[in-house]
Amino acid sequence: DGQLNEFIKTSAKISFGNSGGIAVTEEGCLAGLPTQIFIGSAESLGQILSYSFLKSFFKAIPRLPTL
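Residues numbered from 1 in each chain as written. Predicted model: local features only at pLDDT ≥ 70, side-chain atom pairs only at ≥ 80, totals over all residues. Heavy atoms only, no water.

Participant: Can you walk me through the overall build of the chain in this structure?
Facilitator: The helix and strand tally for the chain stands at one helix and four strands. Listed by position from the N terminus, the elements making up the chain come as β-β-β-β-α. Of the accessible surface of the chain, which amounts to about 5,600 Å², a share of 58% is contributed by carbon and sulfur atoms. (Helix = DSSP H or I, 4+ residues; strand = E, 2+ residues; numbered from the N terminus. Areas by Shrake-Rupley, 256 points an atom, 1.4 Å probe, with all protein chains shown as cover.)

Participant: Could you clarify how one ought to interpret a nonpolar patch on the surface in this entry?
Facilitator: On the surface, Ile22, Val24, Leu30 and Tyr51 cluster together into a nonpolar patch covering about 400 Å² of accessible area. Relative to the helices and strands, Ile22 resides in the loop between β1 (7-10) and β2 (23-24). (Patch = residues over 30% accessible without salt bridge, like charges linked within 9 Å, V, L, I, M, F, W, Y side chains within 5 Å. Salt bridge = Lys/Arg side-chain N within 4 Å of Asp/Glu carboxyl O.)

Participant: For this particular structure, what's the right way to read the packing of aromatic side chains?
Facilitator: Two descriptors summarise a pair of aromatic rings, namely the distance from one centre to the other and the angle between the planes of the rings. Applying the stated criterion to the full structure yields two aromatic pairs. Considering the side-chain rings of Phe53 and Phe57, the 6.3 Å spacing of their centres and the 20° angle between planes classify their relative orientation as stacked. In this pair, Phe53 and Phe57 are both assigned in helix α1 (residues 51-60), four residues apart and thus about one turn of the helix distant. Using a relative accessible area of 23% as the deciding quantity, one classes Phe53 as partly exposed. When the centroid spacing of 5.3 Å and the interplanar angle of 80° are considered together, the rings of Phe57 and Phe58 count as edge-to-face. Phe58 gets classed as exposed once you look at its relative accessible area, which sits at 55%. Following the ring pairs from residue to residue traces out a cluster consisting of Phe53, Phe57 and Phe58. (Phe/Tyr/Trp six-rings, centres within 6.5 Å; stacked < 30°, edge-to-face > 60°. Buried < 20%, exposed > 50% of the residue type's maximum accessible area, 1.4 Å probe, protein only.)

Below, the structure is given as structure tokens:
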């Protein structure tokens, strides 16, 4: 829909301590950064910070002057 989606929901297991790696699609493309999990009564739901959000976020950070 043209909206920038911050998170991608996944049923892939994301355990405490292994977030912060990278998540790739079956085709080998970067999907994003695994960041958090929600554990419910029946299953856990992982969330990946989307690549498009990360790209926009880092573009918005002002660059430091070079020495």
